[in-house]
Amino acid sequence: MNLHVTSVELTTGTSVSIPAPASPYQGDIARYWDGEARPVNLRLGDVDGLYHHHYGIGDVDHAALGPVDDSGYEDRLIAELHRLESAQTEVLLDHLGPVERGDTLVDAGCGRGGSMVMAHQRFGCRAEGVTLSAKQADFANRRARELGIEDHVRARVCNMLDTPFDTGQATASWNNESSMYVDLHDLFAEHSRILTTGGRYVTITGCWNPRYGQPSKWVSQINAHFECNIHSRREYLRAMADNRLVPQTVIDLTAATLPYWELRATSSLVTGIEEAFINSYRDGSFQYLLIAADRV
Ligand SMILES: C[S@@+](CC[C@H](N)C(=O)[O-])C[C@H]1O[C@@H](n2cnc3c(N)ncnc32)[C@H](O)[C@@H]1O
Ligand SMILES: CC(C)=CCC/C(C)=C/COP(=O)(O)OP(=O)(O)O
Ligand SMILES: [Mg+2]
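Calculation rules
- Residues numbered from 1 in each chain as written.
- Chains lettered and ligands numbered in written order.
- Predicted model: local features only at pLDDT ≥ 70, side-chain atom pairs only at ≥ 80, totals over all residues.
- Heavy atoms only, no water.
- Helix = DSSP H or I, 4+ residues; strand = E, 2+ residues; numbered from the N terminus.
- Pairing = 2+ DSSP bridges.
- Axes fitted to C-alpha atoms, helices over the stretch in contact; angles between N-to-C directions.
- Contact = heavy atoms within 4.5 Å.
- Polar contact = N/O pair within 3.5 Å; in protein donor to acceptor, adjacent residues only side chain to side chain.
- Near = heavy atom within 4 Å.
- Areas by Shrake-Rupley, 256 points an atom, 1.4 Å probe, with all protein chains shown as cover.
- 1 Å grid on protein atoms, 1.4 Å probe; cavity = no way out; pocket = protein on both sides within 12 Å on 5 of 7 lines; lining within 4 Å.
- Sits in = over half its atoms within 2 Å of the grid points.
- Nonpolar A, V, L, I, M, F, W, Y, C, P; charged D, E, K, R; others polar.

Observations regarding unusual backbone geometry
Its identity as a non-glycine residue notwithstanding, glutamate 227 has a phi of 60 degrees, on the positive side. In this fold, glutamate 227 is placed in the loop between helix H8 (217-226) and helix H9 (233-241). Despite not being glycine, arginine 244 shows a phi value in the positive range, around 60 degrees. By secondary structure assignment, the location of arginine 244 is in the loop between H9 and strand S8 (245-252).

What about the sheet that holds strand S6 (residues 170-176)?
In a beta sheet, neighbouring strands pair by backbone hydrogen bonds and run either parallel or antiparallel. The strand order across the open sheet formed by seven strands is S5-S4-S3-S6-S7-S9-S8, and the pairing between neighbours is mixed. Each having just a single partner strand, strand S5 (153-157) and S8 make up the two edges of the open sheet. Ignoring strand direction, the axes of neighbouring strands in this sheet form an average angle of 20 degrees. With five bridges connecting them, strand S4 (residues 126-131) and S5 associate as parallel partners. Each residue of the ladder has a partner; that of valine 130, found in S5, is arginine 156.

A look at the environment of tyrosine 25
Considering the arrangement of structural elements, one finds tyrosine 25 in helix H1 (residues 24-34). Spatially, the C-alpha atoms of tyrosine 25 and glutamate 227 are 9.1 Å apart, while their sequence positions differ by 202 residues. Aside from chain neighbours lying at most four places away, what touches tyrosine 25 is Met180, Tyr181, Glu227, Cys228 and Asn229. A distance of 2.8 Å separates a polar atom in the side chain of tyrosine 25 from the backbone oxygen of glutamate 227.

A look at the site of ligand 2
The immediate surroundings of ligand 2 are formed by 16 residues, with Arg38, Asn41, His53, Tyr55 and Arg264 found nearest. For ligand 2, an oxygen atom lies 2.8 Å from a polar atom in the side chain of tyrosine 55. Surface burial for ligand 2 is 99%, taken as the share of its 500 Å² of free accessible area covered by protein chains. Most atoms of ligand 2, that is more than half of them, are within 2 Å of grid points of the largest cavity. Residues of the shell around ligand 2, tallied by class, amount to nine nonpolar, four polar and three charged.

Next up, the structure:
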C-alpha cells in the first residue's frame with residue numbers, strides 16, 4: 001500500500017484515491033465530514049440546490065414565515081433559514097473586491113460547495129475549493145456537473161495548509177467557517193502564498209472574545225461538538241499581520257446572526273448546539289466576525 005494515498009468509498013459505489021491525512025487530527029475531521037448528513041444542512045440545501053455548512057445573518061422575514069399553526073410553516077421556516085445562510089455568503093462575496101471572469105478564487109474548506117457556486121454565478125470566474133472530505137468534494141463536483149459549471153467550479157480533497165495552487169494564482173481567497181480547524185499562522189502563510197499581491201482574503205468566523213478573558217464554557221461546548229478549536233479575535237489579527245495580510249474591514253456580525261439562531265432553536269431541525277451559540281453570543285464571550293484583508 002502507498003503510504004501517501006488512501007481510498008474512500010463514495011455513495012455512487014465507486015471508490016477514489018485521496019492523499020493520506022497530514023495528521024491524525026485531519027483524519028478525524030475528514031471522517032467527521034464524510035459521515036455528516038444532518039437534515040439542518042441537507043433540507044436547507046434542497047430548497048434551491050445551494051448546500052451550505054455555515055450559519056445565517058440578517059433579520060427574519062416574519063411576513064414570509066406566516067402563522068406558526070399554518071400548514072406549510074415548517075417548509076417556510078426551512079426556506080427562511082436557508083435564505084439567511086445564503087445572505088451570509090453574499091456578504092462574504094461583497095468583500096472580495098473586483099473579480100473578473102478570467103480570475104481564480106480559492107475556497108479553503110469548501111464543504112459541499114455552495115459558496116463556490118454563488119461566487120461563479122456572481123462573477124463568472126473560476127472557483128477552486130479544497131476540503132478534507134472526499135464525500136463533500138464528490139458532492140460539490142456532482143452539483144457543479146448538474147449545473148453545467150464543472151469547467152468553472154471544482155472541489156479537491158486537499159489540506160488547505162498545503163494546496164496545489166501556484167504562488168500568486170488567486171485574485172481572492174476565503175475561509176467560510178473553516179479556519180477553526182487549523183493553525184492560523186500556517187493558514188495565513190498559505191493564503192499569502194497563493195494570493196496575488198493586492199489580492200483579497202476574507203474570512204467569516206466565530207472567535208472567542210479576548211475582552212471576556214478566556215474561552216467560555218459555551219465556546220468549549222462548541223469546540224467539543226464540532227471537534228474544532230476556536231481561535232481568539234486577537235490571534236486572527238496577529239497571524240494576519242505576520243503574513244502580509246492587512247485588515248481592511250472588520251465587521252462584528254454577532255447581532256446579525258442571533259435572529260438566525262433564535263429562529264433555528266424553534267425548528268424541528270435543532271441539533272442541540274443552538275443554546276451554546278445563543279448564550280455565548282449574548283454573554284459576549286463569542287463573536288461572529290467578518291475580516292477582509294489586503295495581501296500586501
Ligand atoms: C463548517 S464546514 C464549512 C464549509 C464551507 N466553507 C461552507 O461555508 O459551506 C468546514 C469545512 O472545512 C474543511 N476543513 C477543515 N480542515 C481542513 C483542512 N485542513 N484542509 C481543508 N479543508 C478543511 C472541512 O472539510 C469542511 O469542508
Ligand atoms: C461559527 C463556528 C464556530 C463554526 C464551526 C464550524 C462549523 C461546524 C460550521 C457549521 O457547519 P454546519 O452547517 O455543518 O453545522 P450545523 O449542522 O450546526 O448547521
Ligand atoms: Mg448548517
